[in-house]
Structures are given as C-alpha cells and as structure tokens.
Protein chains: 2
Amino acid sequence: MSSSPTLPPIPQGYSLGGVYCGIKRSADKLDLSLIVSDRPATAAGVYTTNLVFAAPVKWDRALTPGTNLRGVVVNSGNANACTGSRGDADCRRMAELAGETCGADAEQLLVLSTGIIGEFLPLAKIEAGIADVAGKLGRGADSLESAARGMLTTDTRHKVSGRTIQVDGRSVQITGMAKGAAMIGPNMATMLGVILTDAAIAPAEAQRLLSGCVDETFNCISVDGHMSTNDTVLLVANGAAGGDPLTGEVLETFRVALADVCGELAKAIPADGEGATHLIQVEVRGARSRVEARKLAKSVSESLLVKTAICGADPNWGRIVSAAGYADVAFDPALVNLWVNGMHLYENGAPLPFDDAAASQNIRDHRDTHILLTFGEGDANLSFWTTDLTAEYVRLNADYHT
Amino acid sequence: MSSSPTLPPIPQGYSLGGVYCGIKRSADKLDLSLIVSDRPATAAGVYTTNLVFAAPVKWDRALTPGTNLRGVVVNSGNANACTGSRGDADCRRMAELAGETCGADAEQLLVLSTGIIGEFLPLAKIEAGIADVAGKLGRGADSLESAARGMLTTDTRHKVSGRTIQVDGRSVQITGMAKGAAMIGPNMATMLGVILTDAAIAPAEAQRLLSGCVDETFNCISVDGHMSTNDTVLLVANGAAGGDPLTGEVLETFRVALADVCGELAKAIPADGEGATHLIQVEVRGARSRVEARKLAKSVSESLLVKTAICGADPNWGRIVSAAGYADVAFDPALVNLWVNGMHLYENGAPLPFDDAAASQNIRDHRDTHILLTFGEGDANLSFWTTDLTAEYVRLNADYHT
C-alpha cells in the first residue's frame, strides 16, 4: 500500500508538510516534518522499552496520554540519543520552535527524532527548517507524502495507510505514516509511527486502543531484532469530525480500523527491510496464550538460520522447528505441524516426504513467504512479520561506516 | 590451541580412534569415533534445553550421572533428530554395537550424533564403522586426533584441550575434545564436547562440576544464537590414575583444571565460526548478578548490528550500548562505560571523542576483539564469546542447499 499512487485523505483539522533543512547529507531527501492540528487534540504514545532512550522519547512520555496537544515535529538524520541534558534542552527547543508557528506552547508539541546517535541536534538547521515547513503546510496528497518522507532514514519508500469509517452518519478518518527499515552504519534507524484521526476520543481510551493495536502490529515485526533507542508510535485525535468522544460499539469500530492502519504500516517496515528479498509471515496457531504464541513466533522470526534459509529458498523445516524448540515455551513436540507456503512439511513431530525442488521454487517465486506452525497447546494464534537475511544486509551494515 | 601440533596425553585406561564409514559424502573426512575405557567409569552430562531434542540426547540423559559407563560412540553426518521411535531404536542399536566391541552392555555406552536431521541413521554403515574403528583404537596422538576429527561437521579444524594436575603425588590427566562451528544447510551442526579423565570422582560431584563448568564456558558462547537439538557435553572419569574419589581441596584443583579445558574448547568453537573474521569477547563487569551479566553479554553478543559492525571494523558504541539496553536487565545508563580493544569510547552514559580511523584500524588489525562494558550495579562479572557476522556466513547458510 505504501507505493500506491493514491494516498488516503488527511483527517479534518490537520495540516502538514515536510522539507529538507540540511540534517541529512543528500538534498534529494527530506529531513524535517511538521504536523499541526487547528485545535487541541488528545494524544497517546507507545515507546521503546530500551533503557537507553532518546531525549524525544523522554519528552513525549511526559506529555502522553494528554488532551492539549497541537502537533508533532519530526526530524530525521539525527536521533538526539545519548546526548544528556543538552539533548533534553535541544528537544524542548525544537518543540518550542514548532509551537511558535501555531501559537502553542512547547508542551503542546510532540517530538520525534531518528538518525545518528551521540551527536547534538543541529539546532540552527532545525530552526530554519521549521520556519520553512510552517509556510508550506497543506492538506493535499503532496503534503501528506512530504510529511511521510521527512521521517525516513534508510527506507526506500514512504509508508502511509488510511481508513475511513462512519460514526453516527459522520465520516471519521484515520491516516497514519511510519518509517523503519532496520538500522545502518553508525546511525540508529528506528521505527516511528504517527497516526492522525479527526475522531474525538478520551485520552485513557486513546492510550488503551493504541497500546493494544501496537501490541498486535508494531510489536509483531522484526528486521534484525535490535530495539532502537527512539522507537515511538503516536496517536493524535483532534475531534474535528465532530460529536462526543467515541464509546461502546463505535469505539470498537474505530479500534478495528486503527488496528488495520497499524497493521499495514507495521508490515510495510519489514517489507522495506534492508537488503531483504523476502517478507516472511510466521503464523503460530494453537499456543497456550498470546504471550507464548509471540515467544514462539519471535524465536522463529529472529533465527539467523531460518532467515538465511528463506534467503536461499530452502524449505528448512529443521531450522524452523528447532527455533521454536528453544523459545522457552513448553509444548509437546509430537503435536507440532508445519506448512511453508501451504506445503505440509512436518506432521505431528516428524518430517513428511515432499518435493524439495518444488518447495524451493515456490519460495524463490514469491516475495511473500508464509510459515505456519501449529501447536496442540491451546487456541492462541499470532502472526509475526520479518525478513530474510541476505549478504546485502551484512554489506549494508558492515561496509557502511562512520 | 586446537591447531597445535602437540596434543595433550590421553588419560590412563582409555583407548580411542576415528574412521570414515560413509555417512558423510567426502571420504577425506572422518565420521565415526569410539572411546573405550578399560574399566567402568563415572559419567556426567549436560544437554541442550531445546524441546526438540535428538534420540542420543534422550539416551544419554537416562544414563547420566552414572557409575558403570564403558565408553562413548560418536557419529557425524547424521543427527538422529526428529526420527521418532525408530530413532530411539537406532540409537540403542548403535550403543549395543559399540558395547559388543568391549564386552559391555548397550546401557554402558553413551552416544553422540551430529549432522543432518530428519533422516534415519545409516545403521549398516555405522555397524561397519564400529567394527573398523574397534580394530584401530589406540593411545597415541594420532588416535586422539582421529577421534576428535570423527565428531566434526562444518568445523575447519579439530578442537582438543588438556591439563595435567598432581593429586597426592599422582598425575591426573584431563583431556577433552569438542566440535561446533554453527549450523549449515539442511544439516544442524551442533556443539558437542567429551572430556575424559583418569581421576576418580563420585557421580554427583562429577555432575555438579561439569554443570558448573559448562555454565561458565560452553553456555557463554554464541555463533548464531540457534540452539541445536543435539548439544551435549560429557565428562567421563574412570579412576585409572588410582586413589579414592577426589574431595575437598583436591577436587577444587580438579575443578579449576576442568574449567580451563572447557574454556579452551568452548572458545575454539566461535574461533572456528562459519565465515567469521573476528572472535569477539564481550566482557561485562559490575552487573548485579551473574544471571544479569549473562543476559547483558548475550544481548550484545547476539546483536546482528554489533556483529556486522565488528565485521566492518566499526567501533560502533551506539549499537553496543543500545543492545545492552534491551537485554531486559535494569541498570542506570549514566553509570555505563565502554571500551573496545582498550579504547575508552563511552563514559558514564555519553560518548567520548575518539580517533575513528585508529579505532577502526585497531579492529581490522586484530582477529580478537575485546568489548568491555562496565555497569555500576554490583560486582558480578562474565565474559561471552561470539563471532562477527559476515556476508560469507550468509552465503554458507543460504546458498548451501538440501
């Protein structure tokens, strides 16, 4: 969906844009985005659990969930991480500058940063960039695209997703953007997401819905298993569509649409994974709980041997089953079954005879690989998305240099 | 030490050897080893915790710790894993055949297998191989080398280590061999270790010492983080050096020597890691406990981004510190310091200025890389050994095929 020429509409009450301000070396990329709501909005956030977290994570955590937010300012090319108290002050200054463009206080702006860590923000460039983008905010598809591009680092394409739902006869729009493709060089790329809606939602509900949706989507993807210092997903809800804060069935309809948007954005990240030639869905069924299903799916998804096997179009059931075996989840191996791209390779704890050449060709012919592992422990199901591991990934991350 | 031309002596009372019997395709490799003790021996074992474990793991677990063992039979090229009840019967038959060569019962022989999984053992070849090796058992350096070679899979060299200690005026010998270099293709390579001694040790003490030593050595290495179905380390103690079972200070002297042998064998595995160009020691100091120190060291050791950085000779402190940050261990980031090959790169939570080119050249010039991370949480220290991640590793594991 990210490469679709038709972008979703921008929710009511928001204007946005992205510019190049010189943080990145290459002027054909954008590196600063601004999103402004014309009225105070509810905002919720979900953040990295890394103990080494960046200044903007600290800033946003203190402001969410909240009810008086006016926008989000994003820079790429510099993560403002491991920058100490000067990093905190720089982050506040960035919020202050963005707030000045719309008559808001610093504490009404959320901040996202991604890029190199351990270097101070180039504040003069950011100040000029904010002034520049403030004069270019708009509500067209090009504004949405430039805002989405301003948050990218090593991504090869921008990632946007949207849903429109009907609430009491009114249209409510949910539109999100995300970035992430792994990490590279001395930079620390990151997973960032911003989801905007014109629905009215109480802050506690916004936080609950976002946490739940992130758990099922952004927390079910992996490119290299390395958790960033800056990972952040924000939900901003300004109520511009009118009506009272959503409750009951309508809130549930909203939740489903939000989960769809989060799911599309999350999948777009491994789909754009560095050097990847396959997007791999690891689907676990029949686990005792979702927590155990996630552990099993994650263990398979992060196995270098599974990832290199898919790169080599090898339907290597042994690597897959044994990666589940060390996930620290109790299960009966005699009840395990495995399908790869619909081919049944492993039945009740033992391999089945299969046509190696056909299974291999099947993996080679499809960018999407589906690994389905079923257990006999319960009825919890979960899917995890990851990439294959290629020599190109290693080259990108070893050869790229300080 | 593994490539040293001088091998350690074989402990008294053991004879051993290795042959080629046709399990592997290439006749210039060996694939069957036999170790026989001329008298009943105490044996202890430490095994994979993978829920998907091979038939020989099940067999050996039932026999250790024990006091009536007569030997170890090892095959490479076939792991006898995921082979169900026929696999169990084949494993018993292999023990039976090996026992017949020395007048012992099946239950007096331990069995190790490594290689391809999901295929049945070629029993006719193994039977011929056992008959062949039984006629070639010896006590010379060539016998030790051939036994050590018979357990290898993708290893590029055999791995042997030994120590001699004095106990009450008698010489006691500890000599071990190991295999492991990662996993490859449809095969599942594995970490195996066999440590022989002519000391007399009570079975409970043997198990306690081995478990402790493995915890500090074989459990502190990682090539790709993929735990095998067959991982096994055995200690066999036949008492041929004479004297009563070791106790007290003498037992402690033995433990230190055993830990040295285990440590040398364990380090030899990542040193021979597939495609590796660097052996990386991740040393953690100042953790709250050894369990937490291990989690921190393991998280850094298994980060693809750390491993690719070292491959690219990049002293990437950000990747190292952030990998510690997601180890699920609480620590104060402001008390973290980092040195790479003795260069202080990160001080009390913030990067230090350093000479990039010199640091990079330093990594490039040395096959051994030393990452020292210090925390301010306690006094627990631990070292973990791993390899860098190279494009060659990916090629080996993606291109090699069923």
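Residues numbered from 1 in each chain as written. Chains lettered and ligands numbered in written order. Predicted model: local features only at pLDDT ≥ 70, side-chain atom pairs only at ≥ 80, totals over all residues.

A. Layout of the overall build of chain A. Tallying secondary structure elements over chain A gives 11 helices and 16 strands in all. For 402 residues, the compact-globule formula gives about 21 Å, and the C-alpha radius of gyration of chain A, at 22 Å, lands near that figure. Within chain A, the proportion of its 402 residues that are buried is 61%. Sequence-distant contacts in chain A: of pairs separated by 6 or more residues, those separated by 24 or more amount to 80%. (Helix = DSSP H or I, 4+ residues; strand = E, 2+ residues; numbered from the N terminus. Rg over C-alpha atoms; globule rule 2.2 N^0.38 Å. Buried ≥ 20, exposed ≤ 12 C-beta atoms within 10 Å, placed from the backbone. Contact = placed C-beta atoms within 7 Å.)

B. Structural detail: the environment of R170(B). Residues and elements named next belong to chain B. One can find R170 in strand β6 (residues 170-179). As a C-alpha pair, R170 and V250 span 80 residues in sequence and 12 Å in three-dimensional space. Excluding residues within four positions of it along the chain, R170 makes contact with A241, G242 and G243.

C. Structural context of the relation of the copies chain B and chain A. After a rotation of 180° and a shift along the axis of 0.0 Å, chain B superposes on chain A with an RMSD of 0.0 Å. Expressed as a symmetry operation, the mapping of one chain copy onto the other fits a two-fold axis. Nearest to the rotation axis, the C-alpha of A391(B) is located 2.3 Å from it, this being the minimum over chain B. Taken as a fraction of all interface residues of chain B, those also at the interface in chain A reach 98%, which identifies the copy contact as same-surface. (Least-squares fit on C-alpha atoms with pLDDT ≥ 70 in both.)

D. Up close: the domain arrangement of chain A. All names here are of chain A. Partitioning chain A into structural domains gives domain 1 (14-271) and domain 2 (279-399). One C-alpha centre belongs to domain 1, the other to domain 2; they are set 32 Å apart. Listed as interface residues are 9 residues of domain 1 and, on the opposing side, 12 residues of domain 2. Only β9 (221-222) and α6 (248-271) provide two or more residues apiece to the side of domain 1 that touches domain 2. No other element matches the 3 residues that α6 contributes to the side of domain 1 that touches domain 2. (Domains from an automatic or database assignment.)

E. Summary view of the interface of chain B and chain A. With 46 residues of chain B in contact, the opposing surface of chain A contributes 46 residues. With 6 residues, helix α11 (residues 391-399) of chain B is the single largest residue contributor to the side of chain B that touches chain A. In the side of chain B that touches chain A, the residues fall into 22 nonpolar, 19 polar and 5 charged. (Nonpolar A, V, L, I, M, F, W, Y, C, P; charged D, E, K, R; others polar.)

F. Structural detail: helix α8 (residues 304-311) of chain A. All names here are of chain A. Where burial is concerned, most of α8 is hidden: 8 out of the 8 residues are buried. Taken together, the buried positions of α8 are L304, L305, V306, K307, T308, A309, I310 and C311. A313 sits one or two residues past α8 and shows a positive phi near 55°.

G. Looking closely at unusual backbone geometry. Here the residue pair T64(A) and P65(A) is connected by a cis peptide bond, since its omega of -10° sits within 30 degrees of zero. Checked against the element boundaries, P65(A) lands in the loop between α1 (55-63) and β3 (66-78). With a phi close to 55°, A313(B) is a non-glycine residue in the positive phi region. Within the fold, A313(B) resides in the loop between α8 (304-311) and α9 (317-325).

H. Local environment of the sheet that holds strand β11 (residues 279-287) of chain A. All names here are of chain A. The mixed open sheet is built from 7 strands, whose spatial order is β9-β16-β11-β15-β12-β13-β14. Of all the strands in the sheet, just β9 and β14 (350-351) have a single pairing partner and so form its edges. Looking at chain direction, β11 and strand β16 (residues 380-387) are connected through 7 bridges and run antiparallel. Directly across from I280, in β16, lies its bridge partner T386. Against the sheet, α6 contacts β9, β11 and β16, and its axis sits at roughly 40° relative to β16. (Pairing = 2+ DSSP bridges. Axes fitted to C-alpha atoms, helices over the stretch in contact; angles between N-to-C directions.)

I. Local environment of the sheet that holds strand β12 (residues 337-340) of chain B. All names here are of chain B. Spatial ordering of the open sheet is given by β9-β16-β11-β15-β12-β13-β14, a layout of 7 strands whose pairing is mixed. What marks the edges here is a single partner per strand, and that holds for β9 (221-222) and β14 (350-351). As paired elements, strand β11 (residues 279-287) and strand β15 (residues 368-374) share 7 bridges and run parallel to each other. Paired with L279 across the strands is D368, a residue of β15. With respect to the sheet, helix α6 (residues 248-271) is in contact with β9, β11 and β16 (380-387), its orientation differing from that of β16 by roughly 40°.

J. Structural context of the environment of G103(B). Residue and element names in this part refer to chain B. Among the structural elements, G103 can be located in the loop between α2 (84-100) and β4 (109-116). Among the residues examined, G103 registers 8 C-beta atoms within 10 Å and is labelled exposed. Along the chain, G103 and R70 lie 33 residues apart, while their C-alpha atoms are 9.3 Å from each other.

K. Fine view of the pairing of strand β2 (residues 32-47) of chain B. Residue and element names in this part refer to chain B. Extensive coverage of β2 is indicated by the burial of 12 of its 16 residues. As paired strands, strand β1 (residues 14-19) and β2 are joined by 6 bridges and run antiparallel to one another. Opposite Y14, over in β2, you have S37 as the bridge partner. Where β2 meets strand β3 (residues 66-78), 7 bridges bridge the pair, whose relative direction is antiparallel. Residue I35 lies in a different strand from β3, and its bridge partner there is V72. Bridge count for β2 against strand β10 (residues 232-237) is 6 bridges, and the pairing is antiparallel. Of the residues in β10, the one forming a bridge with Y47 is T232.

L. Seen up close, the packing of α8(B) against α9(B). Residue and element names in this part refer to chain B. Where α8 contacts α9, the two axes come as close as 9 Å, and the packing angle between them is 155°. One finds that α8 runs roughly antiparallel with respect to α9. The two elements α8 and α9 cross, and the hand of that crossing is left-handed. Of α9, the residues touching α8 (which contributes L305, V306 and A309) are R319, I320 and A323. Tallied by class, the residues present in the contact of α8 with α9 amount to 5 nonpolar, no polar and 1 charged. (Parallel < 35°, antiparallel > 145°, perpendicular 65-115°, else oblique. Left-handed = near helix turned anticlockwise from the far one by under 90°.)

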